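Below are the chains, spelled out letter by letter.
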Amino acid sequence: MRKIFTLIIILFSAAAFGQISDPNFVDGKVYFKVQSWKDPKTGNISLPLKNNKSNKLPVQIENPERYGITSVDYAFGFSKSEDLNRIYAVKFTNIAATNELIAALKQSPQVAYVERVPRDKKVLDPNDPRIIEQWHLNKIAAPTAWNYFSTGSTVAIAIVDDAVDRNHPDLAPNIWVNPNEIAGNGIDDDANGYIDDINGWDVALNNNNPNPPTSLYDHGTHVAGIASAATNNGIGVAAIGFSCKIICVKATDDPNSISDGYAGLRYAVDAGAKIINLSWGSSFFSNSNEAAIAYAQSQGAIVVAAAGNENTSSVFYPAGYSGVVSVASTTFNDAKSDFSNFGSWVRISAPGSQILSTIPGNGYDYFSGTSMASPMVAGLLGLMKSRNPGAPNATLVNCLYTTADNISSQNQSFDGQLGAGRINAQKAMECVLGSLNSPPIADFSGTPLTIQAGARVRFTDRSSFLPTSWSWTFTGGTPATSTAQQPVDIQYN
């Protein structure tokens, strides 16, 4: 009887699901997370292997051969995080059986969850004719901000995108050089798993050339120029980051979308990026992608992301994930750009309409989009960290938000939906300068604010001006005290 029932289900599934092809998701690929590394039969714990790539699932399902599985590997490459290493990406050729594979994986007691992989789109609107050269720099008071710091930065900003033209004369002076790798010797000198990753990595094709293969891959080069084109070098354009270094991460083999953005994020974190710019996204939430964001934040990186170009208040990811500096776009008169997303989840705004920057082939062009607003914020954060390298991320982000210009009068229909306001680089740098000498100001937030008995509250330190020690008291909580900057979740019974 069981065999007959199984046969009926398979036939029904094939007829009902048909050909799966949704532009919002990557065809032939799903994420799943295993519960633990403990074997349910023997109880033995086996640690993950660095080289795990195969076409065999680490969990048991019925008839795995019918899905045409071509590879099973860690979703974001092998990392220092045991939690991330429990998330797998499985690629398969039988796209029509996508829903069946998801259902089969969900039935395994070893699997915590299964989900389709959102297809991230580059956040870019078509460019319009040239109007004024780099109007945005004066709008955000960049020239005055450079009086506080300009040359000699060692702060690395990662541009995780379609590619970055390392040879562009206005980018080359600011391209990050891996200090622990010897160029061209074919050896992984720093033992990070990447051979000769001198300036970055192509996570999509798994090689050390993050340059654009054709002129169609122009998005990341434009984004990089906004964040930190070489400034005061007598050629081309200037950038708010002035001398911050650019880690080049090519995260796709398709010029029309970003296929491996979160794997690129993970590479950038392990390469030592202090600021990571993500000018792309999707309207779909992913537990796996959220875990990658959390990993970046746990390693001390500030993640900056574009809010999206659909002119909607719907949450856009990765900008909508917790702790991400989500950026909306504004025009030359501080109005919301007509394409920009908005909402209570947006944290800050920056110019993003008609922004002149670098493109492959030593050229320049105007692009519009929240893709352009995001690296402007990333570049400013890089400049701020260059002025005070020891400042905690919470202090930098607090300075960014509290010094923003109020643009409510220009955006009465979007009150409270464009974040703290439009960035003001001069005021932000003044705030950072003040953090060098000012005593700490204690501040924190907690989430959720309303709980049931036995639930946990996560507290986040938002103190300003470089605290060097912390003393928390949680009345009625377990634990009751903590000296950590970011304490663990506190349980209230």
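Refer to the preceding data block for the structure.
Colleague: Please explain the overall build of the chain as it appears in this structure.
Modeller: Looking only at helices and strands, one finds 10 helices and 21 strands in the chain. Within the chain, the proportion of its 493 residues that are buried is 53%.

Colleague: It is not clear to me how the pairing of strand 15 (residues 363-367) should be interpreted in this structure. Could you clarify?
Modeller: On a regular strand, each side chain points to the face opposite its neighbour's, so the side chains alternate between the two faces of the sheet. In this sheet, strand 15 lies alongside strand 14 (residues 355-359) in antiparallel orientation, the contact comprising five bridges. Each residue of the ladder has a partner; that of S357, found in strand 15, is D365.

Colleague: Whenever I open this one, the pairing of strand 9 (residues 275-278) confuses me. Can you help?
Modeller: Burial along strand 9 is two-sided: the face carrying I275 and N277 and the face carrying I276 and L278 are both buried. The pairing of strand 6 (residues 156-161) with strand 9 spans three bridges and is parallel. Residue pairing for strand 9: A158 is matched across the bridge by I276. In terms of strand pairing, strand 9 meets strand 11 (residues 302-306) through four bridges, oriented parallel. Opposite I276, over in strand 11, you have V303 as the bridge partner.

Colleague: So what exactly am I meant to see when it comes to the nonpolar core here?
Modeller: Most often, soluble globular proteins have nonpolar side chains that are buried together. The biggest cluster of nonpolar side chains holds 58 residues, and the ones touching the most others in it are I240, V304, V325, V377, L381, M384 and I423. The element contributing the most residues to this core is helix 8 (residues 370-387), with nine residues. Apart from residues no more than four positions distant in its own chain, M384 is found in contact with L396, C399, L400, A428, M429 and V432. Y31, Y194, A251 and A296 belong to the second largest nonpolar core, which has 50 residues in total.

Colleague: In this structure, what is going on with helix 10 (residues 425-435)? I would like to understand it.
Modeller: A turn of α-helix holds 3.6 residues, and therefore any two residues three or four places apart point the same way. Residues of helix 10 that are buried include every one of A425, A428, M429, C431, V432 and S435, and no others. Seen along its axis, helix 10 keeps its buried residues to an arc of 155°; they face one direction. For helix 10, the elements touching its buried residues are helix 4 (142-145), helix 8 and helix 9 (393-402).

Colleague: Looking at this structure, how should I read the state of the cysteines?
Modeller: Cysteine pairs can be covalently joined through their sulfur atoms, and such a bond is termed a disulfide. Taken as a whole and assessed by the stated rule, the structure comprises one disulfide. Between C399 and C431 runs a disulfide, and the two sulfur atoms are separated by 2.0 Å. Every disulfide takes its handedness from the sign of the S-S torsion; for C399 and C431 that torsion is -70°, giving left-handed. Here C399 is found in helix 9, whereas its partner C431 is found in helix 10, with 32 residues between them in sequence. Side by side, C399 and C431 carry an identical accessibility label, which is buried.

Colleague: Explain the pattern of salt bridges here, please?
Modeller: Side chains that differ in sign of charge can pair as their charged atoms come close. As enumerated under the stated definition, the model contains 12 salt bridges in all. A salt bridge links K33 to D83, with the nearest nitrogen and oxygen atoms 2.7 Å apart. A residue pair is termed long-range when its members are at least 10 positions apart, and K33 in strand 1 (residues 25-34) and D83 in the loop between strand 2 (69-74) and strand 3 (87-92) qualify at 50 residues. With a relative accessible area of 12%, K33 lands in the buried category. With a relative accessible area of 30%, D83 lands in the partly exposed category. The residue D489 makes a salt bridge to R458 at a minimum N-O spacing of 2.9 Å.

Colleague: What is the right way to look at the sheet that holds strand 1 in this model?
Modeller: Consider a sheet: its strands pair through backbone hydrogen bonds, and that pairing is either parallel or antiparallel. With antiparallel pairing, four strands are arranged side by side in an open sheet as 2-3-1-4. The strands lining the two open edges of the sheet, one partner per strand, are strand 2 and strand 4 (111-118). Pairwise comparison of adjacent strand axes, ignoring direction, gives a mean angle of 25° for this sheet. Pairing of strand 1 with strand 4 involves six bridges; the strand directions are antiparallel. Bridge pairing in strand 4 links V30 to R116. Most of the contacts of helix 2 (residues 98-106) go to strand 4, to which it runs at about 160°, and overall it touches strand 1, strand 3 and strand 4. Of the strands in this sheet, strand 1, strand 3 and strand 4 touch helix 7 (residues 287-298), which is tilted by about 90° from strand 4.

Colleague: Is there a simple way to think about the packing of aromatic side chains in this case?
Modeller: The geometry of an aromatic ring pair comes down to the distance between the two centres and the angle between the two planes. Per the counting criterion, the structure on display carries 18 aromatic pairs. Seen in terms of ring centroids, Y194 and W201 are 4.8 Å apart; in terms of plane orientation they differ by 70°. Their pairing is edge-to-face. Of the two residues, Y194 and W201, neither departs from the other in class, the shared state being buried. Ring-pair connections join several aromatic residues into one group, and the members of that group are F32, Y74, F78 and Y88. Here the guanidinium or amino end of R66 rests over the ring plane of Y67, the centre of that ring lying 5.4 Å away. Geometry around F414 places K336 over its ring, the cationic atom sitting 5.0 Å from the centre.

Conventions used here
Sequence order as written defines the numbering, with residues in each chain counted from 1. At least 70 in pLDDT is required for a residue's local features to be given in this predicted model, at least 80 for side-chain atom pairs to be given and counted, and no such filter applies to totals for whole chains, interfaces and linings, which use all residues. In computing side-chain properties, one takes all heavy atoms of the structure into account and sets aside hydrogens as well as water. Only DSSP runs of H or I covering at least 4 residues are called helices, and only runs of E covering at least 2 are called strands; the numbering of each starts at the N terminus. Buried residues are those whose accessible area, probed at 1.4 Å on protein chains only, stays under 20% of the maximum for their type, while exposed residues exceed 50% and partly exposed ones sit between those limits. We treat two strands as partners when DSSP finds at least two bridges between them. Working definition of a nonpolar core: buried Ala, Val, Leu, Ile, Met, Phe, Trp, Tyr and Cys residues. They are joined through side-chain atoms within 4.5 Å. It only takes one pair of heavy atoms within 4.5 Å for two residues to be counted as in contact. To be clear, the arc concerns the directions from the helix axis to the C-beta atoms. Criterion for a disulfide: a pair of cysteine sulfur atoms within 2.5 Å. Think of a salt bridge as a Lys or Arg side-chain nitrogen and an Asp or Glu carboxyl oxygen that are within 4 Å of each other. Each axis is a line fitted through C-alpha atoms, taken for helices only over the stretch in contact, and angles between the N-to-C directions span 0 to 180 degrees. Ring geometry is summarised as follows: Phe, Tyr and Trp rings, the Trp one being its six-membered ring, pair when their centres sit within 6.5 Å, and such pairs are stacked at plane angles under 30 degrees, edge-to-face over 60 and tilted between the two. Charge-over-ring placement is defined geometrically: NZ (Lys) or CZ (Arg) within 6 Å of the ring centre, and within 35 degrees of the ring normal.

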